[in-house]
Amino acid sequence: MDIHILHFIVVPILLSILITSKSLAQETNTITTTENPLQACYKPYSCANCTAARICRPDPNGSGAFIDYKDFKCTGSTPFCNETTGTCSATPSEQCSVKVIGEHICMKNGVFPHPTTCRKYFQCENYTSTSFNCSSNNIYYDAIKEECTYNAWCNQVSCNGYNGFKRRYTVSNKVSQLFAYCINGQAAVMDRCDGKYVLNETTQMCEAYCSYPGLIEDISDCRKYYQCDPTSIDGVFLKTSRRCPDGFGFSQKRYQCVPIESWCTQSLTLSTTTPVNDVL
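Residues numbered from 1 in each chain as written. Predicted model: local features only at pLDDT ≥ 70, side-chain atom pairs only at ≥ 80, totals over all residues. Heavy atoms only, no water.

### Topic: the overall build of the chain
Argument step 1. Secondary structure assignment for the chain yields one helix and 22 strands.
Argument step 2. Here the chain holds 280 residues, and 35% of them are scored as buried.
Argument step 3. The long-range share in the chain, meaning contacts at least 24 apart out of those at least 6 apart in sequence, stands at 38%.
Argument step 4. Surface summary for the chain: the accessible area is close to 17000 Å², and the carbon and sulfur share equals 53%. (Helix = DSSP H or I, 4+ residues; strand = E, 2+ residues; numbered from the N terminus. Buried < 20%, exposed > 50% of the residue type's maximum accessible area, 1.4 Å probe, protein only. Contact = heavy atoms within 4.5 Å. Areas by Shrake-Rupley, 256 points an atom, 1.4 Å probe, with all protein chains shown as cover.)

This is how it looks when you write it as structure tokens:
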């Protein structure tokens, strides 16, 4: 047989064998699963599914697309894939959380813990709630970090024996802005105080709370603020109501009285500063 003819027969066969072997090797190292599938290759680092990360390489032909290179399972303390970063994470991406729409009453927009279980939380947007589950064992919602994580403090609101009463939600035995409205022994609504305010269960009102020395805005009057000073008791501070000079309002961002601008809408009233002392 002519050597040139033999060349055209053998070379394609060898190439076919090499390509097949490479494909098999890639398949051996690749996790193929349709469990909670996310998007296909569209960026260098993404998720193959809720529990596997994906690396994609640019198309060498210069098309601008990405080619699936390798998927790998997320394990250990980071069993989920974060779609934003394309890396393994302790918490699942939003697409992988179990959602329930309209389960809770929204008094404010934001993220809130479930009042009776540490495995759930809900987000209020446009005053419509979307509930989520922390979808793994030993992972609980952390109200401080506002995410599901390992070793989170498990906190619940006890409304047992309360009706038409607000109860404060504590986080790791610390005072929190969160509170629940109890009806017939159950938490009917989760809410939070504005600014650096917390619920005073005695007065049933949100009040400025001094947890460290400094100044806190008075959200009821932009011309006023509270001054927090240490006392002889560790962790207890003296709260004094102060008023800015006429024509000035207190800016929490600037931490001082500044000339009143559009953000301060209360009418000006000439008066003198009358300190009101309160220990919190």
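There is more to say after this.
### A few points about unusual backbone geometry
Argument step 1. The residue Asn-184 is not glycine, and still its phi comes out positive at about 50°.
Argument step 2. With relative accessibility at 63%, the residue Asn-184 sits in the exposed group.
Argument step 3. At Gln-204, a residue that is not glycine, the phi angle is positive and equals roughly 60°.
Argument step 4. Turning to its location among the elements, Gln-204 is positioned in the loop between strand S15 (197-200) and strand S16 (205-208).
Argument step 5. Judged by its relative accessible area of 16%, Gln-204 is buried.

### Brief notes about the confidence of the model for the chain
Argument step 1. The predicted model of the chain averages 76 in pLDDT, with 75% of residues at 70 or higher.
Argument step 2. Below a pLDDT of 50 lies the segment residues 266-280, which in the model reaches 38 contacts outside its immediate sequence neighbourhood of four places, other chains included. (pLDDT = per-residue confidence, 0-100.)

### Section: the pattern of salt bridges
Oppositely charged side chains can pair when the atoms bearing their charge come close.
Argument step 1. Tallied over the full model, the rule gives four salt bridges.
Argument step 2. A salt bridge links Lys-108 to Asp-191, with the nearest nitrogen and oxygen atoms 3.1 Å apart. With a gap of 83 residues between them, Lys-108 in the loop between strand S6 (99-101) and strand S7 (110-113) and Asp-191 in strand S14 (residues 186-192) connect regions that are remote in the sequence.
Argument step 3. On the basis of relative accessibility, which here comes to 23%, the residue Lys-108 falls in the partly exposed class. (Salt bridge = Lys/Arg side-chain N within 4 Å of Asp/Glu carboxyl O.)

### Digging into the side chain of Arg-192
Argument step 1. In this structure, Arg-192 sits in strand S14.
Argument step 2. In terms of polar contacts, Arg-192 uses its side chain to reach the backbone carbonyl oxygen of Val-111, at 3.2 Å.
Argument step 3. Ignoring anything within four residues of it in the chain, the contact list for Arg-192 reads Lys-108, Gly-110, Val-111, Phe-112, Glu-146, Gln-177, Leu-178 and Phe-179. (Polar contact = N/O pair within 3.5 Å; in protein donor to acceptor, adjacent residues only side chain to side chain.)

### Details of the environment of Pro-259
Argument step 1. Mapped onto the elements of the fold, Pro-259 is located in strand S21 (residues 256-259).
Argument step 2. Each C-alpha atom, one on Pro-259 and one on Phe-248, is 4.4 Å from the other, the two residues being 11 residues apart in sequence.
Argument step 3. The residues touching Pro-259, leaving out its near neighbours within four places in the chain, are Gly-247 and Phe-248.

### Quick look at the packing of aromatic side chains
Argument step 1. One pass over the structure, following the stated rule, counts five aromatic pairs.
Argument step 2. The ring of Phe-112 carries Arg-192 above its face, with NZ or CZ at 4.6 Å from the centroid.
Argument step 3. Here the guanidinium or amino end of Lys-239 rests over the ring plane of Tyr-226, the centre of that ring lying 5.0 Å away. (Phe/Tyr/Trp six-rings, centres within 6.5 Å; stacked < 30°, edge-to-face > 60°. Lys NZ or Arg CZ within 6 Å of the ring centre and 35° of its normal.)

### Thoughts on the state of the cysteines
Argument step 1. Scanning the entire structure with this criterion turns up six disulfides.
Argument step 2. Two residues share a disulfide in this structure: Cys-106 and Cys-124, whose sulfurs sit 2.0 Å from each other. Classification of the bridge connecting Cys-106 and Cys-124 rests on its S-S torsion, roughly -85°, and on that basis the disulfide is left-handed. Here Cys-106, found in the loop between S6 and S7, pairs with Cys-124, found in strand S8 (residues 120-125); they are 18 residues apart in sequence, far enough to count as distant. A single burial state applies to Cys-106 and to Cys-124, both of which are buried. (Disulfide = S-S within 2.5 Å.)

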